[in-house]
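# Working through the structure, step by step
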Amino acid sequence: MATMDDIARHLGVTKGTVSKALSGAADVSETMRKSVLEKAVELGYSRIPRTGAVRRVCIFIQNMDWEKPEDFGWEIVTGFRKLAEPAGYQVDIIALSLEIQKASGYDEYMLLHCYQGALFLGLSLLDPWMEDFKTCSTPAVLYDNCIKSNPVVTQVGIDNDEGMDMAVTRLKALGHRKIGYLSGALGAYIFQSRYASFFQALRKNGLPAQRELAGYGFRISECVEKHFPRLLARSCTAIICSHDLLAHMLLIHCQEQRISVPGQLSVIGFDDLPLCQYTMPPLSTIRQNRTELGKSAFYALSSQIEGTPISTLLLHAELIERRSTGGTSCGMAS
């Protein structure tokens, strides 16, 4: 393992300069600090905590609310901390920004701030650090994102194939033969994954699987106002949505258009947000157990830190049936 002496020798500076740069001392220039960090990462230098010292990990969050119990990320963060803190880890929550990612690479940031690994929530495929994860040496766990072929990067989530198959299989059992799909923009890995899972589930159930049965867009209003009428015109009697907020907006739109749910249309969401119990009617959905996802994320991260490479950790999905799904006149009654 590389030492501070090795870094100093390669850069032609003193060990004291390297130590100051790594500790964030104010009397080291930003240029020198960056050079030291880059060389430290290149040489494989690691700041291993002293025996008995507090180990530090972090959760980077963007594009996701988490600070209140009703927020999507609350239970994930809580589940992670429930295992991490009793195990002796300090957990810092960091609002990830484009500025942070552009200022330094992932490995450099983690080395400078003495973090041994991180969980990432809400990353998009265009985030700069997504490229870093392909070659980084610092353990990272990505919720609903996937990086192949780097043994220190783990994907955690639920089994979207299983969840989508549950939804389609149940709708088929209720008599639905034309099922449509509305999705957020396919610039996110999770929406790409669920989109593919939807068509796979249709084919598995022997149902029509034409691409025209799906619509997606950046704005929820676009999906509801543009694509939903098109799906109705194709005689869809059930709609699966890529997430619950989209399904909720669809229910509101159906009320405004006097479309009876579930009398004329069945709707299923994805995630089981707290609001699903209070929509009109209460929303059927695929549940993610977010507390267990948080615990699984810590398990994966701590395993990576201890040297056990975990590629993917997926939890089972669960179909929660409420009153937004029902049978068709030509199929079985609900």
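Refer to the preceding data block for the structure.
This section reports on the structure supplied with the text. (Residues numbered from 1 in each chain as written. Predicted model: local features only at pLDDT ≥ 70, side-chain atom pairs only at ≥ 80, totals over all residues. Heavy atoms only, no water.)

### A closer look at the sheet that holds strand β2 (residues 89–95)
Strand order in the open sheet formed by 6 strands is β2-β1-β3-β4-β5-β11, with parallel pairing between adjacent strands. At either margin of the open sheet sits one strand with a lone partner, and together these are β2 and β11 (312–315). Going across the sheet, the axis of each strand differs from the next one's by a mean of 20 degrees, ignoring polarity. Sheet topology places strand β1 (residues 55–61) next to strand β3 (residues 118–121); 4 bridges connect them, and they run parallel. Looking at β3, one finds that Phe-60 is bridged to Phe-120. (Pairing = 2+ DSSP bridges. Helix = DSSP H or I, 4+ residues; strand = E, 2+ residues; numbered from the N terminus. Axes fitted to C-alpha atoms, helices over the stretch in contact; angles between N-to-C directions.)

### A word on the pairing of strand β7 (residues 214–217)
Here strand β6 (residues 179–184) pairs with β7 via 4 bridges, running parallel. Paired with Gly-184 across the bridge in β7 is Gly-217. Taken together, β6, helix α9 (residues 189–204) and β7 constitute a β-α-β crossover, and its handedness is right-handed. (Right-handed = clockwise from strand over helix to strand, strands pointing away.)

### Things to note about the packing of aromatic side chains
Any pair of aromatic rings gets described here by the distance separating the centres and the angle formed by the planes. A complete count under the given rule lists 17 aromatic pairs for this structure. Relative to Tyr-143, the ring of Phe-72 lies with its centre 6.3 Å away and its plane at 45 degrees, an arrangement referred to as tilted. Here Phe-72, found in the loop between β1 and α4 (74–84), pairs with Tyr-143, found in strand β4 (residues 140–143); they are 71 residues apart in sequence, far enough to count as distant. On the numbers, 5.1 Å between centres and 65 degrees between planes, the contact of Tyr-195 with Phe-199 is edge-to-face. (Phe/Tyr/Trp six-rings, centres within 6.5 Å; stacked < 30°, edge-to-face > 60°.)

Shape is all these values report; function is a separate question.
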